[in-house]
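Breakdown of the fold
Below, each chain spelled out in residue letters.
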Amino acid sequence: MTVARLGDWRRTHQAADIRPEMEGEEVVVMGRVGDIRDLGGIKFFILHDVSGFVQVTAPKQKTPQAILDQISKLTQESSVAVRGKVVRASQAPRGVEVVPSEIKILNLAETPLPLDPLGRVKANLDTRLDARALDLRRQEVRAIFRIKNVALQAIRERLLSLGFVEVHTPKIVATATESGAALFPISYFEREAFLSQSPQLYKEVLTGAFERVFEVGPIFRAEEHDTTHHLNEAISVDIEVAYATASDVMDILEDLIVRAFKAVADRCGSELETLDHRLEVPKTPFPRITYTEALQILEKAGVKIRWGEDLPTPAERKLGELVGGAYFITDWPLAIKPFYTMPKEEDSKLSESFDLMYDWLELASGGTRIHQHDLLVRQLKSKGLNPESFKSHLLSYRYGLPPHAGWGLGLDRLTMVLTGRENIRECVLFPRDRRRLTP
RNA sequence: GCCCUGGUGGUGUAGCCCGGUCUAACAUGGAGCCCUGUCGAGGCUCCGCCCCGGGUUCAAAUCCCGGCCAGGGCGCCA
């Protein structure tokens, strides 16, 4: 069947704004069809929009046959526009309903649907992601992205108020911006290029011009990881600050995390309830333990890690149990941090670096960066990298780049913590992992 | 890439251990009919499934092998 165009119809109200006091008013509401109940002499359907829902009621006696026929054709999740009168009705959900005088079927949903949008029968994550367009209409799923949005807004507003400039660095890059980690090669006209794995080098350079910059953007990693907390495309919140050290940017990070938690706690009560998640705003200051102390804590708990090794996942989980909540691990061995990491002045085996953990999950990492050209070249070489391939980047360090520090925060991981989800795929609209490239 | 577990109607599960009683069950869904107050409506009728390939066997959803896929645990990873 053909479906109607919108034409000159416009909403007069959102569904949730239809109230019993409006009895007798003519309204136009638009949304998607939920439950349809046909009792023979009276037909009901629930119209959902972004605000909530309202019941549309068509009693046979008072409704033209053409409209009754249209209602019989409706399928769940179809888009409709309803012009009608508001009727106060104690039997109706919310005590109010719309009795239609005209209906436009704007688009009919196919049947059967690939999953139950009302969630009465749970679907597996894989099934849900295959039908993500439908899945995203579910209340729980929308709650996740509303929370993500509120958290990001809180972070962005705070950074702007601190005088940060929001920047956008290239996502198509010529060479590896960093050591070893795999990049996605792409074809750039007649040359090979790569998808950027981090805005790191660009944001450092930008401190020379803007002093305080931040970026919210995608990062791409071509690693074949297969876990609940890694994706091949993720959203990173990155900052970089001139005339600052690791400890300064840790203070900023701590403040932002608390603000994000508070914003969600204050503004997303119903979303948290929908998700059945209790959110506790972390207390400040966050514990700051050094890498070496972390190893001692682990050793006492029977987990032995050789000094100088990165923390394997099981050790992180243990640390999450022992410390818990939001905490920093600082002063990492220089050897396991990237080449641009500043060595500690008093012990060059260590670095001015930190990870922000929440329970066992690494949310952010950062530190003081090297701003001196010659030291940077030495560090590149000691990592087995060729300074030649960083030539254009190194140029920036010859023009008096200020000392600077910064961090990168995984927004999708932060969303996991804020929503209590255990799989990062839940927290990304259209996730990209080792096997999933669609939708 | 490794380990564990799994793959049964559109969706979610039971059945598998112990092969036959499975032309596969339950819920939800879909198609249709009845019903003027439903609100996870109710009643009736119907529809729809054993991941792919190979093997064992008189007989395979069930046992074995391989593949693919999924969930989890690792690894990898700024």
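Considering the arrangement of structural elements, one finds T368 in strand 15 (residues 361–368). In this structure the side chain of T368 is engaged in a polar contact, spanning 2.8 Å, whose partner is the backbone nitrogen of A246. T368 has contacts with A244, T245, A246, Y340, T341, M342, E352, H404 and A405, leaving out every residue within four places of it along the chain.

Burial in helix 9 (residues 313–322) covers these residues: A315, E316, L319 and G320. For helix 9, the buried positions fall inside an angular range of 145° around the axis, keeping them on one side. Exposed and facing more than 90 degrees away from the buried side of helix 9 are P314 and E321. Buried residues in helix 9 make contact with helix 8 (291–300), strand 13 (326–330), strand 14 (353–358) and strand 15. The first or second residue beyond helix 9 is G324, which carries a positive phi of 75°.

The complete set of buried residues in helix 5 (residues 200–210) reads Q200, L201, K203, E204 and T207. Buried residues along helix 5 sit against strand 10 (212–220), strand 11 (233–242), helix 11 (391–395) and strand 16 (404–410). Looking at the residues trailing helix 5, positive phi occurs at E211, about 65°.

Below, the discussion takes up the packing of helix 6 (residues 246–267) against helix 12 (residues 411–419). A pair of packed helices can be characterised by two numbers: the angle between their axes and the separation between those axes. One can describe the packing of helix 6 onto helix 12 by two numbers: an axis separation of 11 Å at closest approach and a directional angle of 45°. By the angle class used here, helix 6 and helix 12 are oblique. Considering only the axes of helix 6 and helix 12, their crossing is right-handed. Residues I257, F261 and V264 of helix 6 form the contact with helix 12, whose participating residues are L414, V417 and L418. Across the contact of helix 6 with helix 12, the residue classes tally to six nonpolar, no polar and no charged.

Now for the layout of surface pockets. Each pocket or cavity is described by its volume, and for the largest pocket that value is around 1,400 Å³. Put simply, the parts of the chain that give the lining of the largest pocket at least two residues each are strand 11, helix 9, strand 14, strand 15, strand 16 and helix 12. Along the lines of polarity and charge, the residues of the lining of the largest pocket split into 19 nonpolar, 17 polar and 14 charged. The space that makes up the second largest pocket amounts to roughly 500 Å³. Lining the second largest pocket are 25 residues, and of these H277, Y358, D359, M416 and V417 sit closest to its centre. Classifying every residue of the lining of the second largest pocket by side-chain character gives 13 nonpolar, five polar and seven charged.

Reading across from one edge, 6-10-11-16-15-14-13-12 is the order of the eight strands in this open sheet, with mixed pairing throughout. Strands at the two margins of the open sheet, each flanked by one partner only, are strand 6 (165–166) and strand 12 (288–290). Judged from the six bridges that link them, strand 14 and strand 15 form a sheet pairing that is antiparallel. Across the sheet, M357 pairs through a bridge with E362, a residue of strand 15. Sheet strands in contact with helix 6 are strand 11, strand 12, strand 13, strand 14, strand 15 and strand 16, and its direction is about 30° off that of strand 16.

Time to look at the pairing of strand 15. Burial of strand 15 is extensive: six of the eight residues sit out of reach of the surface. Where strand 14 folds back onto strand 15 in an antiparallel hairpin, the turn is made up of two residues, including D359, whose phi is positive at roughly 55°. Bridge count between strand 15 and strand 16: five bridges; the pairing is antiparallel. Looking across to strand 16, one finds that S365 is bridged to G408.

Looking now at unusual backbone geometry. Note the cis peptide between T111 and P112, where omega equals -10°. When you line up the elements, P112 lands in the loop between strand 5 (96–107) and helix 2 (125–130). P439 follows T438 through a cis peptide bond whose omega is -5°. Within the element layout of this structure, P439 appears in the segment after helix 12. Phi angles above zero are rare outside glycine, and F189 is one such case at about 50°. Among the secondary structure elements, F189 is positioned in the loop between strand 8 (185–188) and strand 9 (191–195). We classify F189 as exposed; its relative accessible area is 70%. Positive phi is not limited to glycine here, since D359 has a value of about 55°.

Parameters at a glance
- Residues numbered from 1 in each chain as written.
- Chains lettered and ligands numbered in written order.
- Predicted model: local features only at pLDDT ≥ 70, side-chain atom pairs only at ≥ 80, totals over all residues.
- Heavy atoms only, no water.
- Helix = DSSP H or I, 4+ residues; strand = E, 2+ residues; numbered from the N terminus.
- Polar contact = N/O pair within 3.5 Å; in protein donor to acceptor, adjacent residues only side chain to side chain.
- Contact = heavy atoms within 4.5 Å.
- Buried < 20%, exposed > 50% of the residue type's maximum accessible area, 1.4 Å probe, protein only.
- Arc of directions from axis to C-beta.
- Axes fitted to C-alpha atoms, helices over the stretch in contact; angles between N-to-C directions.
- Parallel < 35°, antiparallel > 145°, perpendicular 65-115°, else oblique.
- Left-handed = near helix turned anticlockwise from the far one by under 90°.
- Nonpolar A, V, L, I, M, F, W, Y, C, P; charged D, E, K, R; others polar.
- 1 Å grid on protein atoms, 1.4 Å probe; cavity = no way out; pocket = protein on both sides within 12 Å on 5 of 7 lines; lining within 4 Å.
- Points joined across faces, edges and corners; volume = space filled by probe spheres on them.
- Pairing = 2+ DSSP bridges.

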